[in-house]
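Here are the chains, one letter per residue:
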Amino acid sequence: MRSLVLVAVLAGALLVPAPAHAETAPPHTGIQVRDGRLVEATGSDLVLRGVNHDFMWYPDRNGSFAGIKAAGANAVRVPFGIGHQWRKSGVDDVAKVVGLCKANRLVCILDAHDTTGFGQDKKAATIAQAVQFWLGVRDALIGAEDHIIVNIANEPFGNGTTMPWVQQTSDAIRALRAAGFRHTLMVDAPGWGQDESFVMRDNAEKVRDADPTGNTLFDIHMYGEFDTAAKVNSYLSSFTDRRLPILIGEFSGEHQWGDPDEDAIMAYAEARELGYFGWSWSGNDKQFSYLDLVDDFDAGRLTAWGRRFISGPNGLTTDTREATIFRSGTAPAPARAPQQVRVRDVTSSTITIDWKPRRNSVYQVVAVDGAVETPVATTNRPTVTVSRLRGSTDYSFAVYSRDLLGTRSPRSTLVAAVTPPARPG
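Source: prediction; values computed, not measured. (Residues numbered from 1 in each chain as written. Predicted model: local features only at pLDDT ≥ 70, side-chain atom pairs only at ≥ 80, totals over all residues. Heavy atoms only, no water.)

Would you take a moment to explain helix α3 (residues 127–136) for this structure?
Helical geometry note: an α-helix holds 3.6 residues per turn, so side chains three or four residues apart project in the same direction. When we look at burial in α3, the residues that qualify are Ile-127, Ala-128, Ala-130, Val-131, Phe-133 and Trp-134. Contacts made by the buried residues of α3 are with β4 (75–80), α2 (91–103), β5 (107–112), β6 (148–151) and α4 (165–178). (Buried < 20%, exposed > 50% of the residue type's maximum accessible area, 1.4 Å probe, protein only. Helix = DSSP H or I, 4+ residues; strand = E, 2+ residues; numbered from the N terminus. Contact = heavy atoms within 4.5 Å.)

Following this line, the structure appears as structure tokens:
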């Protein structure tokens, strides 16, 4: 994220030849993209919810990782400088962050930040130069595929429709795969990350197809371009409808260039079970302090934005689950209880119940009479009609779900209905 006046300029970029020989890690060793969703190697769904932490500006504020975890996050996005706009992070810096992520039980997205606004910011690096950075720190990343995602280049172009985003992003993916990177790779939208000309949206399949492993995740940043619920919904649904994996790598409650609709961003992410990352934990320049989630890196001093982001509707504390890789030696976390269960139609002999759908789940509907539960239906659809009921009778129902690992959820809230009298004859 950078706050800069946007102008329409474009410069060229260098391409990186792929290495002739590269050591490779075994396939399917970590986080993957499967059927348009981010999953762990076990197949467990992975919805990343977390915070951006400015490591490249504050490399000694490492207590932030524990604070972010305590706030309810299961992930953190960490910008690295690569020596063009900001101090270059070395292999020791990267190894340090990889270790901090694991120690604090966080999935980490690591991004090369100096590419921000290439073509409009003269100091910005090219995507190819970001690839060279990743090649230089490769040894600190290989073997950490289960909790590290490589965000190739932050906001890699400014605004416009003619930037070579598709070709250069595709080349970067191929170069990193040839070098042995088996991590999920994340690619940012151009247009300062906001895809104002829909270059990423309209070419996402081409970039996905450039990855021989299929493990590419798309990243949209939602600031002033996303100032209405309709814009948020339209953009996210354009990816989910095509089963293309996407998350919101940056957003805020305010911004100097337009007012993001943070309520819609968080609500639609929750409804579609998509990841999101607020900008940012702490340390923004004084004039942009409204972007800080906590004051002076103190986890106990939440700002107004921090309170909204962490404990407000659809915030971090709403529905965030730790990655399963961090649960060894502990009891597995239960699947989430079905949500928004409701009675939709009632006749004298039938009651129709529906609930919020969840991918890759099987549901069991039970009739509840005091402490007694009686199974009445099992389905993979988010609705069921219970039949052969008696008229003028009270009924209560609840729903359980099982995920791909076979883990049964807690019971949903109860819903009740009274059937009307049966019609004579």
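Mind showing me how you'd approach the side chain of Arg-138 here?
Along the chain, Arg-138 falls in the loop between α3 and β6. Judged by relative accessible area, Arg-138 falls into the buried class, the value being 13%.

I keep staring at the packing of aromatic side chains and nothing clicks. Help me out?
Two aromatic rings, taken as a pair, are described by how far apart their centres are and by the angle between their planes. Counting across every chain of the model gives 18 aromatic pairs. On the numbers, 5.6 Å between centres and 85 degrees between planes, the contact of Phe-226 with Tyr-235 is edge-to-face. The class for Tyr-235 is buried, based on a relative accessible area of 2%. Here the aromatic rings of Phe-251 and Phe-309 are separated by 5.8 Å at their centres, their planes lie at 50 degrees, and the arrangement is tilted. One end of the pair, Phe-251, is in strand β9 (residues 246–251); the other, Phe-309, is in helix α8 (residues 304–311), and 58 residues separate them in sequence. You can call Phe-251 buried: its relative accessible area is 0%. One aromatic cluster is present, built from ring pairs that chain together Phe-198, Phe-218, Phe-226, Tyr-235 and Phe-239. The aromatic ring of Phe-198 is capped on one face by Arg-201, whose charged end is 3.8 Å from the ring centroid. Between Arg-242 and the ring centre of Phe-239, over which it is positioned, the NZ or CZ distance is 5.3 Å. (Phe/Tyr/Trp six-rings, centres within 6.5 Å; stacked < 30°, edge-to-face > 60°. Lys NZ or Arg CZ within 6 Å of the ring centre and 35° of its normal.)

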